[in-house]
Amino acid sequence: MHAFRCKTLPPEIASWFNKMRPGNWPPTELFEAARQCPCFLVPDGHRDSLTKHLEWRITPNLIERILMFSLNVVQRQCLVVLKMLKKQEFVKYINHDRCKLTTFNCKTALLFTLERTHPCVWEETRLLECIVRILHVIREFLFQGECPHYLVDNVDLFDGKLCRECQLNLERAIRRMVQDYIRAVPSAD
């Protein structure tokens, strides 16, 4: 596949470096390393487009790579569990041939959760709590009907991949799953 390196950081990605973050992630060193990564223009048309063979998109794949390689063991375990849930559970609620929740959607939810959560939460003893936090973010995306790209402005990762009916079915299923988990875990009182 052909890819062209962008001479400057595209504004759709530059805005990620300027946005306010509620948490402590990514840490300064990681943030600065990401700032040094180039972006690329790649041929990749919208799935439903009649001219998809002529369309291109911007990819910050090297920034994504740095972020993913920075994950600790618990964060990686969360992603593995999400992938398992996606393959074994979530697929039951997506009853349309052209609908799917992708691994990239799960990674995106993890990144948004990392940004919103204090680093001390990501401990092995809190693995289930971390998974539930990520599931809440996925539910939020499903309820809103949009999965925003973590790095690129104005990109909906559900577009052309997950129809509204499947989004709502999956949102209800995840809500029940989280409620069942909360009822099963004794309170710390």
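Residues numbered from 1 in each chain as written. Predicted model: local features only at pLDDT ≥ 70, side-chain atom pairs only at ≥ 80, totals over all residues. Heavy atoms only, no water.

### With respect to the nonpolar core
To keep it simple, the criterion reads: By nonpolar core is meant a set of buried Ala, Val, Leu, Ile, Met, Phe, Trp, Tyr and Cys residues that side-chain atoms within 4.5 Å join together. Between buried and exposed lies partly exposed: a residue is buried under 20% and exposed over 50% of the maximum accessible area for its type, with that area taken using a 1.4 Å probe on protein chains only. The way it works is that DSSP assigns letters per residue, a run of H or I at least four long becomes a helix, a run of E at least two long becomes a strand, and they are numbered from the N terminus. Should any heavy atoms of two residues lie within 4.5 Å, those residues are considered in contact.
Grouped together as the largest cluster of nonpolar side chains are 50 residues, with contacts concentrated most on Trp16, Ile63, Leu67, Trp122 and Leu135. At the level of elements, helix H1 (11-18), helix H2 (28-35), helix H3 (61-69), helix H4 (73-88), helix H5 (103-116), helix H6 (127-144) and helix H7 (164-184) are the ones that each hand at least two residues to this core. Excluding anything up to four places from it in sequence, Trp122 contacts Asn72, Val74, Gln75, Cys78, Leu110, Thr113, Leu114, Thr117, Cys130 and Ile134.

### Considering the pattern of salt bridges
The line we're drawing: We count a salt bridge whenever a side-chain nitrogen from Lys or Arg sits within 4 Å of a carboxyl oxygen from Asp or Glu.
Following the criterion strictly, the structure yields nine salt bridges and no others. Between Lys92 and Glu89 there is a salt bridge, with its nearest N and O atoms 3.2 Å apart. By relative accessible area, which is 28% here, Glu89 ends up partly exposed. Note that Glu140 is salt-bridged to Arg116, the shortest N-O span being 3.0 Å. Highlighted residues: Glu140 in helix H6 and Arg116 in helix H5, separated in sequence by 24 residues. By relative accessible area, which is 29% here, Glu140 ends up partly exposed. A single network of salt bridges, built from pairs that share partners, joins Arg126, Glu129 and Arg133.

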